Amino acid sequence: MAYEMLSGSQAAAAAVQRAGVDLVAAYPITPQTAIVETLANYEAKGELGGDFVSVESEYAALACCYGAAAAGARVFTATASHGLAYMHEVIHWCSGARVPVVMVNVNRAIGAPWCLDPDQGDSLSQRDTGWMQIYCSGAQEVFDTVLQAYVLSESLLLPCLVVFDGFYISHTYEAVDIPEKEKTLEFVGEKRFKPQVVPGNPVNLHGLTTGDNQILLVRNRHESMIKALDLFKQVNKKFEGYFARSYKAVDSVIPPGSKTVFVAAGSTVETIRWALPGLKDCGLIQLRMFRPYPAEELCAVLEAHDVERVIVVDRNCSIGMGGIFSQELKAALYNMENPPIVEDLLLAGGIDLTIDMLHRVLETTAEGKNADQKWGVDVR
Amino acid sequence: MAVIEQLTQDFLRTKKLPHIWCPGCGNGIVTAALVRAIERADFDQKDVVIVSGIGCSSRAAGYLNFNTLHTTHGRALAFATGLKMARPELKLFVIMGDGDCSAIGGNHFIHSARRNIDLNAVIVNNHIYGMTGGQHSPLTPVGKKATTAPRGTLEREFDLLKLARGAGATFGARGIAAQPRQLEQLIARAAKHKGFSVVEALSPCPIAYGRRNKLGGAVEMLREMKDSSISVEKASSMDTSELEDKTLTGVLFSEEAPEFSEEYHKSINKENA
């Protein structure tokens, strides 16, 4: 094992370099820029093993990836915030076209006004586009997930978004185990998809269709996406065999007797993990996979531990409804016999989660109108 | 009170200073030239609106004491078009960077030119994306290095003024941060011109561009800027061979054509008459 001190962004780039990509298309945006800069450096030194195209916009970056993937290339791009929002049309398009694309999104708030803090609203607003979404809580996880994303994406012919928090992960350094490229290439394997555009075999792709056909295509995509829940387990089993570590779609640390469980995605997971020994009768669930949504796994964990109270940490807000992770969790609990109460801690705007905040939220019980929604600014 | 102090007090949000720009950056020079140009054009302060995109130069909007809108990357001209159509009496200055204006903003740029709408585009061209730390932009000269082009970019750069003229803009000028008085005059002329006017202001970025390309510090970059440019008036009596590698400054084109917001409101009034 070879440990290197890497930021989350560098870890993402290192994984791309070791995944055998054919093409990277890139456009700068804070806090993602270091990813594409690192990849540009690999390319300049002849170490990328693929092409690096620096394009005129995020839209162009993803469209370029689409084109290359349609021609059979293994591709990568990364973006954040406004860049992801600007890609929105092609994000749908890539999924509908069933091309495997791996993209990293580094969470950052969307304006107006301009804000750099790591609100998750950028990636969550792409929830319904037909991309898998995996949320990482640290640089090692970023590295590993990017590698795994290629296997998932190429196996299911669905694009995959790997997500992590701006600054807390993108700009923070940690020791990351970087395996030999030979081993990572072997893990990712040969490309599992065929090119859609083949010289000598002219086809017309994605022309006009009707709702009657479209519903079948949507159902097909939905059913493929659901397969990712099982495939994620298989991929991690294989990953463990190669690199002696693995991940679950829903991870948990729930000590016996825990009455309350925090549910989080992204870097807040690590804050809670750190604080857990000082939080009385508390456990933690890390929601790693968000699309497909691992509803059954979540309910199974909550049921197995007889959890009474769930506090969802939402560094986002669906304005007019509340935290998005919390809404999704509530929907998943609908068929549970004795569902726990669900409260929401809103860190929208991208504010920091502190250990004090966790203590205060625990002390405040949910009573009265909207008491199940607590704003981070009120409990810090 | 000296004129410059009065201008500072009236036209700058002094509470917002000091600015965020790096030492040696030309954004301050261009912003000051803009302020003096607005004074020179004798516009009523309440009618002036500054619209900016995002990037280092676009932060100027925060320091200027007018109605100012900081908008999305590359789209400032589209936001400004809405303002101008709703309130044609406004005097609009749209501050953009090279990356902002000519990459994501390229489409809005050519369509503003095509319509010949009365907006004053001031493009601070420092040949690089500065705010994100030095990636190449569509105005980075061929061969120059950037973090996303460590071996030097192979892509050809736009000639922004040729692009503007080809798309229908009716006023185009180029100034340099090394000659702030000329820049001020050019922006003032653009402001008085009815129609889409473009002022390209070449500006040094010693930190994210100069350093990587070994162009020296701000002083060397400004000196080189001055040495390599020549006014259109002087150039008119010189041979083409003498003008190789020279950057033309001054008013490169100025012509009259119907202005979009005025034509539109005329047509509406005719229909309602």
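Coordinates for the structure precede this section.
Quick summary incoming for the structure in this document. Because the structure is predicted, anything quoted here is derived from the model rather than measured.

Parameters at a glance
Residues numbered from 1 in each chain as written. Chains lettered and ligands numbered in written order. Predicted model: local features only at pLDDT ≥ 70, side-chain atom pairs only at ≥ 80, totals over all residues. Heavy atoms only, no water. Buried < 20%, exposed > 50% of the residue type's maximum accessible area, 1.4 Å probe, protein only. Helix = DSSP H or I, 4+ residues; strand = E, 2+ residues; numbered from the N terminus. Pairing = 2+ DSSP bridges. Right-handed = clockwise from strand over helix to strand, strands pointing away. 1 Å grid on protein atoms, 1.4 Å probe; cavity = no way out; pocket = protein on both sides within 12 Å on 5 of 7 lines; lining within 4 Å. Points joined across faces, edges and corners; volume = space filled by probe spheres on them. Nonpolar A, V, L, I, M, F, W, Y, C, P; charged D, E, K, R; others polar. Contact = heavy atoms within 4.5 Å. Buried area = accessible area lost by both parts, 1.4 Å probe. Salt bridge = Lys/Arg side-chain N within 4 Å of Asp/Glu carboxyl O.

Digging into the pairing of strand β6 (residues 197–202) of chain B
All names here are of chain B.
- Summarising burial for β6: 6 of the 6 residues are buried, a large majority.
- Residues S197, V199 and A201 of β6 are buried on one face, and the alternating residues V198, E200 and L202, pointing to the opposite face, are buried as well.
- Where strand β4 (residues 120–125) lies against β6, 6 bridges are found, and the strand directions are parallel. Within β6, the position partnered with I123 by the bridge is E200.
- Relative to β6, strand β5 (residues 171–176) runs parallel, the two sharing 6 bridges. Within the sheet, the bridge partner assigned to I176 lies in β6 and is L202.
- Handedness of the crossover joining β5 and β6 through helix α8 (residues 180–192) is recorded here as right-handed.

Quick word on the layout of surface pockets
- Of the pockets and cavities examined, the largest pocket occupies roughly 880 Å³.
- Lining the largest pocket are 29 residues, and of these H127, P141, E157, L202 and T247 of chain B sit closest to its centre.
- Mapped by element, the contributors of at least two residues to the lining of the largest pocket are α7 (160–167), β6, α10 (218–227) and β8 (247–254) of chain B.
- A per-class count over the lining of the largest pocket returns 14 nonpolar, 5 polar and 10 charged.
- Space inside the second largest pocket adds up to approximately 680 Å³.
- Lining the second largest pocket are 36 residues, with W114 of chain A together with I54, G55, H73 and M131 of chain B positioned closest to its centre.
- Within the residue set of the lining of the second largest pocket, elements represented by two or more residues are α4 (81–96) of chain A together with α5 (98–104) of chain B.
- In terms of residue class, the lining of the second largest pocket is built from 16 nonpolar, 14 polar and 6 charged.

Focus: the interface of chain B and chain A
- Tallying the contact residues gives 20 residues for chain B and 19 residues for chain A.
- Buried area between chain B and chain A, both sides added, is near 1,400 Å², and the carbon and sulfur share of it is 58%.
- Contact with chain A buries area across many residues of chain B, yet I104, T148 and R151 of chain B alone supply 32% of it, more than any other trio.
- Across the contact surface, chain B and chain A share 1 salt bridge.
- Residue R151 of chain B is joined to E43 of chain A by a salt bridge in which the shortest nitrogen-to-oxygen separation is 2.6 Å.
- The leading source of residues in the side of chain B that touches chain A is α5 of chain B, at 3 residues.

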